[in-house]
Structure formats: structure tokens, C-alpha cells
Amino acid sequence: MDSWRPSVCPFDCPDTCGLLVRVKEGRATAVKGDPEHPFTQGFICQKMAQYPARVHHPQRITKPLLRVGPKGEGRFKEIGWDQALALAAAKLEETAAKHGPAAILPYSYAGHMGHLHRNAGHAFFHRLGASKLGRTICSSTASAGFAYSLGTGPGTDLSHSRLSDLIIVWGCNVLTTNLHAWPWFQEARRGGARLVVIDPYANQTALKADTHLKLRPGSDAALALGLMQVLINEELLDHEFIAAHTLGFADLQARAAEYPPERAAELTGVSAAEIVELGRAYGRARAPYIRTGCGPARQLAGGMAMRTIALLPALVGAFERPGGGILRSVGAGACLDLSRLTAEELSPAGTPTVNMVQLGAALAPEAPRPLHLLWVYLSNPAVVAPDSSAVLKGLAREDLFLVCQEMFMTETARWADLILPGAGSLEITELYTSYGHRYVQMAKPVIAPVGQCRSLWSVFQEMAGRMGFDEEVFTADEEQHISWMLDSGSPCLEGITLQSLSAGRPLLANIPANPYERGFLTPSGKVEFYCEALAAQGLDPLPDGAPSREDDHGGVYPLQLITPPRKQFLNSTFNELEAQRERAGEAEIYLHPDDAAARGIVDGGLVRVFNGRGECLLRAKVSEAVLPGVTVAEGLYWGAHTPGGTGINHLTSQALADLGGSSAFHCNQVEVAPAP
Ligand SMILES: Nc1nc2c(c(=O)[nH]1)N[C@H]1C(S)=C(S)[C@@H](COP(=O)(O)OP(=O)(O)OC[C@H]3O[C@@H](n4cnc5c(=O)[nH]c(N)nc54)[C@H](O)[C@@H]3O)O[C@H]1N2
Ligand SMILES: Nc1nc2c(c(=O)[nH]1)N[C@H]1C(S)=C(S)[C@@H](COP(=O)(O)OP(=O)(O)OC[C@H]3O[C@@H](n4cnc5c(=O)[nH]c(N)nc54)[C@H](O)[C@@H]3O)O[C@H]1N2
Ligand code: SF4
Ligand SMILES: [Mo]
């Protein structure tokens, strides 16, 4: 008997699709998009269509593994769960006794986005007194920048954009990373809307847009200020909105005057004519809508860039028009009460925090507080964290005990001392919200755990028992925790309960499609052109258009490199499927024809991309898709699948962005040469 059962896509993708999974004799055999899910609309991406192959992959880790060979060699023997967890508990105790509990660090991120399992280890590590992890690798800079301008809280829903007449996709490759935005944009376009993409390269989305402004990476604030200057200069302003809902317009006006189109053009690489044209179009549009991604934020001055972009809608009063507004992130996640699950209060006062972007530095033997036990789950830091050579050096330390909860032998798991096989999303009970839509969903297991795999949740609960922790958080069951999360008292979860979600249908949270109609969650309740909170930290209270650029060592590394996602992978996930690697093809780097010619590089040739941190071998893609001086390498390939054995994060740095402590993955200087 086969049947289709409801589930949810667990990946770190704003679309959080509702799924139907066909199950035959206890195995998942096919996955499709839920046709009744209003956001999924019955289709899924090509990656997820491969999910059954991933779940039942012959190389999936299905038993606990203990290292037998030298570190990193990848030789393990199978052991039982009891032995594995007893060893883990002994190592935790030994480390805490010898070095203090802060020598233990959990390292987890977004391999699975369900709230229960994503947060399952928090209480356990808090109770241990382990160092805390600052989970900043993705969006903390973008959200900090945005919050200084518009406040916290969700942005304008994507479904709202269908009423827009001008959609600007600003540093977000939606056809790769937010596929389900596309139907809304296409609906708007059928109604006459124009689609503009602002991005350093002609990505998939730009190729399908009406206009592509190709800017230098890190110059978004200058571009936004240039657009503001056009709006101000040509009187394309909504004075009524500005007077009622913003703070510091006169100051902004003075600052924007420093960015006439010619200067903005010089800073951005976009022509003055294009800037004037887009400024006018934005000012004259009935309901302009902006979708920003993380692209502008993954820069040394990325927080400032996001803050500046976020101010544009206020100048033209776009927030008040059906179809107008701006989106960075939306969803009901912030409405949940995670406090009982994460039990922050169990962490002793004064416990240090390690910023996950700087794992390489934290693992160095000379770090001020050396780490001796690293427990990795839902993440693959050997590939995804910046400055891979520093990370790998740390993982190779003989005096570091590495536990990995994984489904596959990733480049991190290879270095482990102990691997615990993880149950995947089809095998567990879970609660999901999204950062791209407003639906809340619950998933129940559709198959039994594969092999001896166990969920993160059950492992941490059992570990807590073994360590003698008896607080309520460690004894409550999954459904109890889901109920607690939903029972937050937030009006946005009205009517959404364990019972109502149990039918497996998506429930719409009570969040307006355009939350800005209700005002702004800034300290002043207004859009802050002038931001007192930034001034109080000694930072520039006004938008600043100085471009982000890494030191090029006097021109030794003259080319800018950005490293955005690739369509066939989800961060470093899906590298484990050979068929998916074949679809992705070889790792490439886009180079402008002038830059290629100056270096004797031909299209399709193998090139060495290098800087002071490391090098990669990539296939040259010589194309005017980028400006001269700019290069792009899509995708987090595992090093082992590249000709040089090194992934792209061998070239990125551990430097933090200006606000929010995130990484600057798109702010690197490199040189490129033909490979020997
Ligand atoms: N297929 C696929 N989908 C994914 C992912 C994946 O790996 N693969 N990852 C998921 C995750 S975790 C996330 S956080 C999201 C990220 O999704 P996005 O926000 O779309 O990804 P970004 O890396 O921010 O890159 C977006 C675009 O920003 C551009 N960009 C880079 N630097 C700049 C700049 O300085 N200014 C401007 N204007 N643009 C710039 C890049 O060229 C790219 O086209 O996607 C999610 N979805
Ligand atoms: N250069 C560069 N680096 C980047 C980025 C970039 O744009 N450029 N993007 C950054 C961003 S936005 C992010 S969010 C991070 C993402 O970084 P990560 O969150 O580390 O994402 P993944 O690489 O997908 O690794 C997730 C791992 O979790 C495992 N996993 C998945 N589900 C389960 C489960 O149910 N149980 C268990 N036990 N394991 C599971 C998968 O097998 C996979 O190995 O990478 C960042 N790194
Ligand atoms: S990765 Fe994104 S688009 Fe693909 S199925 Fe999952 S949520 Fe949907
Ligand atoms: Mo991310």
C-alpha cells in the first residue's frame, strides 16, 4: 500500500514548503509540493525532489561510529548506542573536570530548521555550563541593520508584492534561494509591473528581470543614497508620510546631498543615467516593493548597507500603498516562546560566548580560552565557516574531542572522534515556522528512523538523564514542548495549537501582510533616518555610503570575490548526492573578459584563486555577467569534490561585519592566475 503523507521541508530556505511524501513499505519513495499549501502552490525545488534518495542513501550513517585510525583519516568502527553515549558523557565530565565546562562548545546551525530539534541541545549545554555559541553566521547583520531603520518584526509579505507596479530584488537570487517568490512577482508582472535586480552579477534572477543594475559588491549604501538624492532633488517625496512617520529627514537630506548620481556612479559602478532612471521610477511608482536578501549584508559594512536600503520606502510612502513595502524576513518564529525549551537560565552567569563565524580562532591552541570538546550538529563547519584552513587546523587538534551528530560523512564528520547517526525530518515530530511566509506547520513522522538513527531531541534528553540533569525541560516530551512554544500568549498565534496543527495542515499566523501599516517597532515608533541608538554607540547615526572593501594588500589581491549560494546545493548539503554534484557541475568563477585577458585566462580554463588565507582551483567562466574587478564563485562545494581539494571558504575571512556580528562572506580580495 502506498500513500501520500504530509510533511514539511526542513531546510534553511525561506520557502519552508509543505510537502506530500509517498511512502511505500516503510520507505519514502517520492516527494512533491502540497497543492493546498497557499505558499508552496504544489511545487518544490529540484533539490528537494531528490530527498528520498538522500533519506535512503546507501552512504547514510545509520550506526554510531568510533574513530579507529588517525584523526581525519576517516576510519571508524561501528559501536552500540549505549557505548557511544557513555563515552560522550565520560568525555564531557572529563573535559569539565580538567579544563572547566567552558572548554566545551556546541556548534550547530541550520541543517534542520524545525524549532524542537534545532534548539534541542541548548538546555543541555546551558546546564553543563558549556561556552555559548553566537549563532550569527547567516542573518544577524542583516536583521540588525534593518532594525535600526524600521525596527524589529516581520517585513511586507511576498504575497503583497503581486499588487506592486515596481519590484526591486536587491541582493537576493530568488530563483535560486526563494523560488516561491517568483509566482507572486510574475503575477505582478502580468499586471504590468517592472522587475529590477540590483546585484553584482547576472545571476539566474537578473537574467529574467526587466532591468539589472550591476554594482560593485559592498556599494549598496552608496547606491541607495544616490537614489535618495534623485528622489529629494526631483521632489518625488511623500511629505505627509515623512512628517508623520519618520525621524531626521533634514539630516538625511544633508547627507544624501553628498551623493549626487555622478558620485554614486563612481562608487558603485552603476552609471549615473541608470541611477537617475531608477530613482525616478521608484519615486513615480504607485506601489514599489523591495525584496532584499542577505547579499548586501555579507560585507564589512553590511549592516549600514541594509539600514540604508531599508529607508527608501519611507521617502515615497510605499508602506501605505497596497503592493508597496519591503521584505527581508517575515514569519511567525518570533511569536513562539522558546524560553522553556532553551532554558537560558540554566547557563551560569558569566559564561563566555563564541561567535560561530570565528570558530577558526576559537579552536586555535593559543586562544585565550582553549576549547577541548566540540559537539557539532546540524552544521558542517569544515565547509561553511569562513577561513577553512584555520577551522581544519583546529579540528585536527589531538587534544580536541569532536562529537558529530550527522547523517553523512561530511568534511567535518571525517575529523570526529565519535559520530552519532541523526534521524532526518521524515522520521521525527516537529514544529515549523518560516522566514519567507506566515504559515505555521507541524510534521509527524512519516517513516521510522532509518537504521539506528536517533533524533537530536531524543539523544539530548537521554544525555541529560545520563548526566543526572532532572529539570523539567529534560523530562517533558516533544508534544509538551511544542505546546509550550505555541502557548506564548502572542496574538499572532491565535487559534494555533498542538491540536489544530495535528491535522498536518498549514495554519496562517495572525500577522498582517503589511505589518508596517501598524507602525514601526523602533524606539521612536518611526522610521529612523537619524538613529539615536547608533549615535549612542558612537556610530554614525545617518546612512553612510562608504563602500565595503577588504584590504587588498597594496594591490596584491586586486579582485573582489563574492561567494553566493548555488542552485543545486543547500549550503553544503546535497554535496553528498553524486547525481546532484553532477547537476551542479564543476565549481566555477566568473571573471570579466578584461580581467581574464590581462591574466592570460581563457573561458573554461582551470584557474588558481588565492589570497593570504588560502587558494582554490576553479573553472574560469569568462563573461560580462560581472563588472571588471569583480569575481563570483557560486556554491559551497565540499573540498574533496574540487580539483584542488579546497572549498571556497579557504578564501574568506573571520572578520565580522559592522553590526550584528555576522560574517562578510561576500567581501574578499583575491588574485586569479591560470592553474599551473
Ligand atoms: N539553492 C539554494 N537556496 C538557498 C541556499 C542555498 O545554499 N542554495 N541557502 C539558504 C540560506 S541559508 C540563505 S541565508 C538564503 C540566502 O539567500 P540570498 O539572500 O539570496 O543569498 P545571498 O548569499 O545573500 O546572495 C544573494 C545575492 O546577493 C548578491 N550579492 C553579493 N554581494 C552583494 C552586494 O554587495 N550587494 C548586492 N546588492 N548584492 C550582493 C549575490 O550575488 C547573490 O545574487 O538562501 C537560502 N536558500
Ligand atoms: N562562503 C560562504 N559561506 C557560507 C555562506 C555563503 O553564502 N558563502 N552561507 C552561510 C549561511 S547563510 C549559512 S546559513 C551557513 C549554513 O551552514 P550549515 O547550517 O552548517 O548548513 P549545511 O552546510 O547545510 O550543514 C548542515 C548539516 O546538517 C546535517 N543535517 C541536516 N539535517 C539533519 C538532521 O536532521 N539531523 C542531523 N543530525 N544532521 C542533519 C546535514 O547533513 C549537513 O551536513 O553557511 C554559511 N556559509
Ligand atoms: S529547499 Fe526551499 S524551495 Fe526547496 S522544497 Fe525546501 S523549502 Fe521548498
Ligand atoms: Mo543562511
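Small disclaimer: the values here were computed from a predicted structure and weren't measured. (Residues numbered from 1 in each chain as written. Chains lettered and ligands numbered in written order. Predicted model: local features only at pLDDT ≥ 70, side-chain atom pairs only at ≥ 80, totals over all residues. Heavy atoms only, no water.)

### Description of the overall build of the protein chain
- Counting its secondary structure elements, the protein chain contains 26 helices and 27 strands.
- Radius of gyration (C-alpha) of the protein chain: 25 Å, near the 26 Å computed for a compact globule of 676 residues.
- In terms of its C-alpha atoms, the protein chain occupies a principal-axis envelope of roughly 75 × 65 × 55 Å.
- Looking at the protein chain residue by residue over its 676 residues, the buried ones come to 62%.
- For the protein chain, restricting intrachain contacts to residue pairs at least 6 apart in sequence, the fraction spanning at least 24 positions comes to 76%.
- Accessible surface, the protein chain as shown: approximately 23900 Å² in total, 51% of it carbon and sulfur.
- Positive and negative side-chain charges of the protein chain, numbering 58 and 70 respectively, have mean locations separated by a distance of 5 Å. (Helix = DSSP H or I, 4+ residues; strand = E, 2+ residues; numbered from the N terminus. Rg over C-alpha atoms; globule rule 2.2 N^0.38 Å. Buried < 20%, exposed > 50% of the residue type's maximum accessible area, 1.4 Å probe, protein only. Contact = heavy atoms within 4.5 Å. Areas by Shrake-Rupley, 256 points an atom, 1.4 Å probe, with all protein chains shown as cover. Lys, Arg positive; Asp, Glu negative; His and termini not counted. Charge placed at Lys NZ, Arg CZ, Asp CG, Glu CD.)

### Description of the site of ligand 2
- Around ligand 2, the structure places 29 residues, and the nearest of them are Ser-379, Glu-406, Ser-572, Thr-573 and Asn-649.
- Take Ser-572: an N or O atom from its side chain is 2.4 Å from an oxygen atom of ligand 2.
- Coverage of ligand 2 by the protein chains reaches 96% of its 920 Å² of free accessible surface.
- Residues of the shell around ligand 2, tallied by class, amount to 12 nonpolar, 13 polar and four charged. (Near = heavy atom within 4 Å. Polar contact = N/O pair within 3.5 Å; in protein donor to acceptor, adjacent residues only side chain to side chain. Nonpolar A, V, L, I, M, F, W, Y, C, P; charged D, E, K, R; others polar.)

### With respect to the site of ligand 1
- Of all residues adjacent to ligand 1, which total 34 residues, the nearest are Asp-199, Asp-220, Gly-295, Phe-569 and Asn-571.
- For ligand 1, an oxygen atom lies 3.4 Å from a polar atom in the backbone of Gly-171.
- One of the backbone nitrogen or oxygen atoms of Thr-176 is found 3.1 Å away from a nitrogen atom of ligand 1.
- Coverage of ligand 1 by the protein chains reaches 97% of its 910 Å² of free accessible surface.
- Residue classes in the shell around ligand 1 are distributed as 16 nonpolar, 11 polar and seven charged.
- Taken domain by domain, the shell around ligand 1 gets at least three of its residues from each of domain 3 (151-331 + 514-536) and domain 4 (559-674). (Domains from an automatic or database assignment.)

### Observations regarding the packing of helix α3 (residues 81-99) against helix α20 (residues 456-466)
- Put simply, α3 and α20 touch, their axes get as near as 10 Å, and they point 60° apart. Relative to α20, the element α3 is oriented oblique. Every pair of crossing elements has a handedness; the one defined by α3 and α20 is right-handed. Together, Trp-81, Asp-82, Leu-85, Ala-86, Ala-88, Ala-89 and Leu-92 of α3 and Val-459, Glu-462, Met-463 and Arg-466 of α20 make up the contact between the two elements.
- Within the contact of α3 with α20, the residues separate by chemical class into eight nonpolar, no polar and three charged. (Axes fitted to C-alpha atoms, helices over the stretch in contact; angles between N-to-C directions. Parallel < 35°, antiparallel > 145°, perpendicular 65-115°, else oblique. Left-handed = near helix turned anticlockwise from the far one by under 90°.)

### Considerations on the layout of surface pockets
- A volume near 290 Å³ is recorded for the second largest pocket.
- Along the walls of the second largest pocket sit 18 residues, with Gln-59, Arg-60, Ile-61, Phe-408 and Met-409 positioned nearest its centre. (1 Å grid on protein atoms, 1.4 Å probe; cavity = no way out; pocket = protein on both sides within 12 Å on 5 of 7 lines; lining within 4 Å. Points joined across faces, edges and corners; volume = space filled by probe spheres on them.)

### Topic: the packing of aromatic side chains
- All told, the structure shown has 21 aromatic pairs when counted by the stated rule.
- Taken together, a centroid distance of 6.0 Å and an interplanar angle of 35° make the contact between Phe-241 and Phe-319 tilted. One end of the pair, Phe-241, is in helix α11 (residues 239-245); the other, Phe-319, is in the loop between α15 (302-316) and β13 (325-327), with 78 residues separating them in the sequence. Residues Phe-241 and Phe-319 agree in their burial class; the two are buried.
- Here a set of aromatic residues connected by ring pairs shows up, and it is made of Phe-124, Phe-125, Trp-375, Tyr-377, Phe-460, Phe-469 and Phe-474.
- The residue whose ring lies beneath Lys-32 is Trp-4, and the NZ or CZ to ring-centre distance is 4.1 Å. (Phe/Tyr/Trp six-rings, centres within 6.5 Å; stacked < 30°, edge-to-face > 60°. Lys NZ or Arg CZ within 6 Å of the ring centre and 35° of its normal.)

### Here's the deal with the state of the cysteines
- This structure, assessed with the given rule, holds one disulfide.
- Here Cys-335 is linked by a disulfide to Cys-492, with a sulfur-sulfur distance of 1.9 Å. Of the two residues, Cys-335 sits in the loop between β13 and α16 (339-342) while Cys-492 sits in the loop between α22 (478-486) and α23 (498-501), which places them 157 residues apart along the sequence. One exposure class covers both Cys-335 and Cys-492, and it is buried.
- In this structure Cys-172 is not part of a disulfide, and its nearest cysteine sulfur, from Cys-294, lies 7.9 Å away.
- Here Cys-616 stays free of any disulfide, with the sulfur of Cys-667 as its closest cysteine sulfur at 17 Å.
- By relative accessible area, which is 1% here, Cys-616 ends up buried. (Disulfide = S-S within 2.5 Å.)

### Observations concerning the sheet that holds strand β20 (residues 507-508)
- Spatial strand order, β18-β19-β20: three strands in an open sheet with antiparallel pairing. Every interior strand has two partners, whereas the edge strands, β18 (430-432) and β20, have only one.
- As paired strands, β18 and strand β19 (residues 439-443) are joined by three bridges and run antiparallel to one another. For Glu-430, the partnering residue across the bridge sits in β19 and is Ala-443.
- Strand contacts of α22: β18 and β19, with the helix running at about 20° to β18, the strand carrying the most contacts. (Pairing = 2+ DSSP bridges.)

### Some details on the pairing of strand β12 (residues 288-292)
- Counting buried positions over the five residues of β12 gives five, a clear majority of the element.
- Residues of β12 alternate between two faces, with Pro-288, Ile-290 and Thr-292 on one and Tyr-289 and Arg-291 on the opposite face, all of them buried.
- As judged from the five bridges shared by strand β8 (residues 166-170) and β12, these two strands associate in the parallel manner. By the bridge assignment for β12, Leu-166 is matched with Pro-288.
- Strand direction decides the pairing type here: β12 and β13, joined by three bridges, are parallel. Counterpart to Arg-291 in the pairing with β13 is Leu-327.
- Since β12 and β13 lie parallel, the crossover through α15 that links them has a hand, and here it is right-handed. (Right-handed = clockwise from strand over helix to strand, strands pointing away.)

### Quick notes on the domain arrangement of the protein chain
- Each domain of the protein chain was delimited in the assignment, giving domain 1 (3-55), domain 2 (65-72 + 79-128 + 337-346 + 354-432 + 439-508), domain 3 (151-331 + 514-536) and domain 4 (559-674).
- Taken together, the 22 residues of domain 3 in the interface contact 24 residues of domain 4.
- Carbon and sulfur atoms make up 62% of the area that domain 3 and domain 4 hide from each other, which totals about 1800 Å².
- Together, Tyr-201, Arg-298 and Leu-300 form the three largest contributors to the area buried by domain 3 at its contact with domain 4, with a combined 37%.
- Where domain 3 packs against domain 4, one counts zero salt bridges.
- Where domain 3 meets domain 4, there are 10 residue pairs in polar contact (both at pLDDT 80 or more).
- Of all elements in the fold, only α7 (174-177) and α15 reach the threshold of two or more residues within the side of domain 3 that touches domain 4.
- No other element matches the three residues that α15 contributes to the side of domain 3 that touches domain 4.
- Here the residues of the side of domain 3 that touches domain 4 sort into 10 nonpolar, nine polar and three charged. (Buried area = accessible area lost by both parts, 1.4 Å probe. Salt bridge = Lys/Arg side-chain N within 4 Å of Asp/Glu carboxyl O.)

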